[in-house]
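Geometric and topological summary
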Amino acid sequence: MFELQAVEAYPKDYEAVVARGKKELDNKIHPEINQEKLPDFSQYDEISLVFQLGGGQPPMIIHSLFDTVDFSGKTIIPFTTSMSSTIDDSMLFFDEMIAKDTGVNLIEGIRYDNESSLNKFLKKNNLI
């Protein structure tokens, strides 16, 4: 497990993070990723991405990750939290992000609601 980090670190203050995230979304800014912190994805077949939805889509740094890493031949499993958006809202963006990579298996992700639904999802997708 690792935390995706931007070269220009996000602020610690919640309101400041929200403001930066909104600016990135509104202006389609893909923040530069601190690549020194990225793992070697070639050793993994399945990649679980955990993020909070904002504006009905993954944060722009997730877009940056797909700009940076070739996920060809990998299985991508999105997990998200959100107050109001569904996972369906973000799946369209994943379709766009994986378009440059070949043979990506994108699993319909899940918005975390409770432990029971998470366990059902994990079992259904043979992840536990």
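Above this text you will find the structure in question.
For the structure given in this document, a descriptive report is provided here. Everything numeric in this text was worked out from a predicted model, so none of it was measured.

1. Notes on the pairing of strand β2 (residues 75-81)
In terms of residue burial, β2 counts as a mostly covered element, since 6 of its 7 residues are buried. For strand β1 (residues 46-52) and β2, the ladder comprises 7 bridges, and the chain directions are parallel. Among the inter-strand pairings, E46 is bridged to a residue of β2, identified as T75. Between the parallel elements β1 and β2, the chain passes through helix α2 (residues 60-68) in a crossover that is right-handed. Of the strand pairs in this sheet, β2 and strand β3 (residues 105-106) are connected by 2 bridges, and their pairing is parallel. Within β3, the position partnered with I76 by the bridge is L106. Here 2 bridges tie β2 to strand β4 (residues 110-111), and the two strands are oriented parallel to one another. Bridge pairing in β4 links F79 to I110.

Basis of the calculations
Sequence order sets the numbering: in each chain, residues are counted from 1 along the sequence as written. The model is predicted, so local features are restricted to residues of pLDDT at least 70 and side-chain atom pairs to those at 80 or more, both for listing and for counting; the totals for chains, interfaces and linings are taken over all residues. The side-chain figures draw on all heavy atoms in the structure; neither hydrogens nor water molecules are used. Note on exposure labels: buried denotes an accessible area under 20% of the residue type's maximum, exposed denotes more than 50%, and partly exposed covers the range between, all computed with a 1.4 Å probe on protein chains only. Going along the chain from the N terminus, every DSSP run of H or I of four or more residues is numbered as a helix, and every run of E of two or more is numbered as a strand. A pair of strands is considered paired only if DSSP assigns at least 2 bridges between the two. With the strands pointing away from the viewer, any crossover whose connection runs clockwise from the first strand over the helix to the second is right-handed.

Remember, this is a structural readout, not a statement about activity or role.
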